[in-house]
Amino acid sequence: MRRAIWMAFAAFLLFVAALGVVYSRQVLAALLAVWTAVLPLLLGCIIAYVLNLIMGRLERVYFPKSTNKAVMASRRPVCLILSIAIIAAIVAAIVNLVLPQVRMSWDVLENGVMMVAQNLYSWGEQNEEALLGALGAGGLDSLRESFTKFVENLSNGSGDGASQLSSILTTVFSTVYSIAHGVFIGIVALVFSLYILIDKERVIRGGRAIVELLLPPKGASAVRHAAHIANDSFSRFITGQCIEAVILGVLCAIGMTVFGMPYAPAVGACVGMTALVPVFGAWLGGAVGFLMILTVNPMTAVWFVVFLVVLQQIESHLIYPNVVGASVGLPGIWVFAAVLVGGALFGVLGMFLGVPTVATVRTLAIERAAKVRAKRSAASAKEPSTQRPSDENEAPEENRQSREKA
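What comes next is a walk through the structure.

Thresholds applied
Residues numbered from 1 in each chain as written. Predicted model: local features only at pLDDT ≥ 70, side-chain atom pairs only at ≥ 80, totals over all residues. Heavy atoms only, no water. Helix = DSSP H or I, 4+ residues; strand = E, 2+ residues; numbered from the N terminus. Buried < 20%, exposed > 50% of the residue type's maximum accessible area, 1.4 Å probe, protein only. Contact = heavy atoms within 4.5 Å. Areas by Shrake-Rupley, 256 points an atom, 1.4 Å probe, with all protein chains shown as cover. Phe/Tyr/Trp six-rings, centres within 6.5 Å; stacked < 30°, edge-to-face > 60°. Salt bridge = Lys/Arg side-chain N within 4 Å of Asp/Glu carboxyl O. Axes fitted to C-alpha atoms, helices over the stretch in contact; angles between N-to-C directions. Left-handed = near helix turned anticlockwise from the far one by under 90°. Nonpolar A, V, L, I, M, F, W, Y, C, P; charged D, E, K, R; others polar. Parallel < 35°, antiparallel > 145°, perpendicular 65-115°, else oblique. Expected span 1.5 Å × (residues − 1). Arc of directions from axis to C-beta. Patch = residues over 30% accessible without salt bridge, like charges linked within 9 Å, V, L, I, M, F, W, Y side chains within 5 Å. 1 Å grid on protein atoms, 1.4 Å probe; cavity = no way out; pocket = protein on both sides within 12 Å on 5 of 7 lines; lining within 4 Å. Points joined across faces, edges and corners; volume = space filled by probe spheres on them. Core = buried A, V, L, I, M, F, W, Y, C linked by side-chain atoms within 4.5 Å.

Below, the discussion takes up the overall build of the chain. Looking only at helices and strands, the chain has eleven helices and zero strands in total. Put simply, the chain runs from its N terminus to its C terminus through helices and strands in the order α-α-α-α-α-α-α-α-α-α-α. Across the 406 residues of the chain, 24% fall into the buried class. Pairs at least 24 apart in sequence give 68% of the contacts found in the chain among residues at least 6 apart. Working note: accessible area of the chain is about 27,600 Å², and carbon and sulfur atoms make up 71% of it.

Moving on, we get to the packing of aromatic side chains. Applying the stated rule across the entire model yields two aromatic pairs. Between Phe259 and Phe307, the aromatic rings sit 5.9 Å apart at their centres with planes inclined by 65 degrees, giving edge-to-face as the arrangement. Here Phe259, found in the loop between α7 (217-258) and α8 (264-274), pairs with Phe307, found in helix α10 (residues 298-328); they are 48 residues apart in sequence, far enough to count as distant. On the basis of relative accessible area, Phe259 is assigned to the exposed category, the value being 56%. Phe307 gets classed as buried once you look at its relative accessible area, which sits at 14%.

The next point concerns the pattern of salt bridges. Here the structure, examined in full by the defined rule, presents five salt bridges. Glu201 is the salt-bridge partner of Arg76, the closest N and O atoms lying 2.7 Å from each other. Of this pair, Arg76 sits in helix α3 (residues 69-126) while Glu201 sits in helix α6 (residues 200-214), and the two are 125 residues apart along the sequence. Among the residues examined, Arg76 registers a relative accessible area of 13% and is labelled buried.

It is worth spelling out the packing of α6 against α7 at this point. The N-to-C vectors of α6 and α7 enclose an angle of 145 degrees; their axes lie 8 Å apart at closest approach. Considering the relative orientation of α6 and α7, their crossing is right-handed. Residues Arg208, Val211 and Glu212 of α6 touch α7, and the partners they reach there are Ala220, Val223 and Arg224. A class-by-class count of the residues in the contact of α6 with α7 yields three nonpolar, no polar and three charged.

Okay, the environment of Gly354 next. Among the structural elements, Gly354 can be located in helix α11 (residues 332-405). The spatial distance from the C-alpha of Gly354 to the C-alpha of Gly342 is 5.0 Å, given a sequence separation of twelve residues.

We now examine the packing of helix α2 (residues 24-61) against α7. The interhelical angle for the contact between α2 and α7, taken along N-to-C directions, is 85 degrees, at an axis separation of 11 Å. It follows that α2 is roughly perpendicular to α7 by the angle criterion. Between α2, through Tyr49, Val50, Leu53 and Arg57, and α7, the contact on the second element is made entirely by Asn231, Phe234, Ser235, Ile238 and Thr239. Along the lines of polarity and charge, the residues of the contact of α2 with α7 split into five nonpolar, three polar and one charged.

With that settled, the discussion passes to helix α9 (residues 282-294). Counted at 1.5 Å a residue, the expected span for α9 with its 13 residues is 18 Å, and the 18 Å between its end C-alpha atoms agrees. Every buried residue of α9 is accounted for by Ala282, Gly285, Gly286, Gly289, Met292 and Ile293. Down the axis of α9, the buried side of the element spans an arc of 120 degrees, and every buried residue falls inside it. Projecting away from the buried face of α9 at angles above 90 degrees are the exposed residues Leu284 and Leu291.

Taken together, the side chains of Phe12, Leu13, Phe15, Val16, Leu19, Val22, Tyr23, Val27, Leu28 and Leu31 present a nonpolar region at the surface, about 980 Å² in accessible area. For the nonpolar patch, the element with the most residues is helix α1 (residues 2-22), which contributes six residues. Note that Val27 resides in helix α2.

Quantified by volume, the second largest pocket comes out at close to 300 Å³. Lys218, Ser221, Ala222, His225, Ala226, Leu364, Glu367, Arg368, Lys371 and Lys375 are the residues that line the second largest pocket. Among the secondary structure elements, those contributing two or more residues to the lining of the second largest pocket are α7 and α11. Per-class residue counts for the lining of the second largest pocket are three nonpolar, two polar and five charged.

Turning our eyes to something else, we now look at the nonpolar core. Formed by 19 residues in total, the largest nonpolar core has its most connected members in Leu248, Cys252, Met256, Val267, Val271, Phe304 and Phe307. Contributions of two or more residues to this core are made by α7, α8, α9 and α10. Per-element tally for this core: the top contributor is α10, with five residues. Beyond its immediate sequence surroundings of up to four residues, Cys252 is in contact with Val267, Gly268, Val271, Phe304, Phe307 and Leu311.

For Phe63, which is not a glycine, the phi torsion comes out positive at approximately 45 degrees. Turning to its location among the elements, Phe63 is positioned in the loop between α2 and α3. Residue Phe63 is classed as exposed on the basis of its relative accessible area, which comes to 52%. Positioned with a positive phi, Tyr263 is a non-glycine residue whose angle comes to about 60 degrees. In this fold, Tyr263 is placed in the loop between α7 and α8. Residue class for Tyr263 comes out buried when judged on its relative accessible area of 12%.

This is the structure we're talking about:
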């Protein structure tokens, strides 16, 4: 009976796969629509999980032993608001530290560009006759005709000018739409995360009820255990990643200060913030720091790259494996491999989720291997006990035969 059920299930899967191949475009369109609809909810779950790491710790210190109804009723909203305020304060502090320095660097870069443009203009005025002679009368006439034709086409609404204007407007509208759509998704995700956190106990009970409804008791127990291991791995990873980012940002700022490099606090904060992306994230902040220092002294910017390379090697081989790897219980080689493979398969998201995912799978595999070894050792311990009676029965028979021969 069970074999017939598995064969029917396999036939159903083959039928679904055949339909997917035949109607591949429709299936891809449907999957894209489902992904677009589910994306804000998934982002909301991620935001809720990160906020819950802070909110859970605040709830344990917000009058934990109080039986006052007002305190108990206000514990969840107050801790949730404080969690959002802490994250907002950290982001605001980093922005206020980095943004003024970036503006200053941008002003220096803008002044440099204007100076170069003025120098080119002065050089053009001084060498006007030579430039006109090199360009020739035909070149000037062609430039005039091209400009006149562009203006005429633009005024008539046809030709290359109109198409260029149309492409520019299309690009502008698509950019505005993308920004508005991203803001909308962010707002929906934030609101959904707040709903989850306000009543997270009921959400957890609902998830457990769905698992118990769809799976047998043994399978439901295995899923709950795997979810517990994953929660522990991901929470430890996020905590370790934040600690590692702070260490890297502080070391970068201290090193730049020691070597006399400009914008040390701002670049250190930028490197630390982007270091939340495992192993390779610090290079993003390093690129911003390079451009900022380049406006002051190009040679110092080159030495900053050398300093960042050395610091990144120390971070990748010493700090990250020991801080993050120790927090999730992974050896350094496993952390490095998880980041590389996850990044190659799924980009930045794979780099971020690769370490806790590998830690979860490794923990479950170790537990499974321990159970298998325990069963094998128990089975091997029982085998001698079953053979002892036969050995004891054979011993008197051998003694009797030896007496008869004597």
